[in-house]
Amino acid sequence: YAGKNPVVIGVMKGVVVFYADMIRQIKTPCQMDFMWISSYAGTHSTGNLVVRSDIVSDIEGRHVLILEDIYDTGNSLTFVRDHLLQKNPASLKICTLLDKPERRKPGITLVPDYTGFTIPNEFVVGYGLDFDEKYRNLPYVGILKPEAYEN
């Protein structure tokens, strides 16, 4: 992105810790923005996306990098990508901290451009990821024990 002044868009809320670490590593001028969507109730995706807050930047003709915390079913990230492509960016790349391919819904073909770690089909928390708004502040990613959410 050298010389391109990209817009780095974080998908809230889970991405906040990863976003903070990543944005500090980008050595070229860039613009920060966020999009807040929600599709989870407890440990399960409802499949119903709710846009709580859209980006405020005009990304037409701009280079865009989406930062995401976890790519699992594919519904949210596909929605975000399609939504942002309608705004005519010059380019759009996706970087996800965690990829959980076993959870991908049939027909979802999106492949992130950059992936930190591929993980098994376990419910993970920490480093921004939550269970009912708990555990986001853990300084690591860990597997949530089933007894914590099955009752």
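To be clear, the structure that these remarks concern was listed above.
Overview of the structure. These numbers were taken from a predicted model, which means no experiment stands behind them. (Residues numbered from 1 in each chain as written. Predicted model: local features only at pLDDT ≥ 70, side-chain atom pairs only at ≥ 80, totals over all residues. Heavy atoms only, no water.)

**Description of the state of the cysteines**
Throughout the structure, instances matching the rule amount to zero disulfides. Here Cys30 is not cross-linked by a disulfide; its sulfur's nearest cysteine counterpart is in Cys95, at 13 Å. (Disulfide = S-S within 2.5 Å.)

**Side note on the nonpolar core**
Ile9, Ile59, Val64, Ile66, Val80 and Leu84 are the most contacted members of the largest nonpolar core, which totals 16 residues. Among the secondary structure elements, those contributing two or more residues to this core are strand E1 (7–12), strand E2 (31–41), strand E4 (63–71), helix H2 (75–85) and strand E5 (91–99). Not counting chain neighbours up to four residues away, the residues in contact with Val64 comprise Tyr1, Val7, Ile9, Ile59, Pro89, Ser91, Leu92 and Lys93. Of all hydrophobic cores here, the second largest spans 15 residues; its members include Phe18, Tyr19, Leu67 and Val124. (Core = buried A, V, L, I, M, F, W, Y, C linked by side-chain atoms within 4.5 Å. Buried < 20%, exposed > 50% of the residue type's maximum accessible area, 1.4 Å probe, protein only. Helix = DSSP H or I, 4+ residues; strand = E, 2+ residues; numbered from the N terminus. Contact = heavy atoms within 4.5 Å.)

**A few points about the packing of aromatic side chains**
Across all of its chains, the model carries two aromatic pairs by this definition. Ring centres 6.2 Å apart and planes at 85 degrees place the aromatic pair Phe123 and Phe131 in the edge-to-face group. Assigned by exposure class, Phe123 and Phe131 land together as buried. We note Arg104 situated over the ring of Tyr71; from NZ or CZ to the ring centre the distance is 3.7 Å. (Phe/Tyr/Trp six-rings, centres within 6.5 Å; stacked < 30°, edge-to-face > 60°. Lys NZ or Arg CZ within 6 Å of the ring centre and 35° of its normal.)

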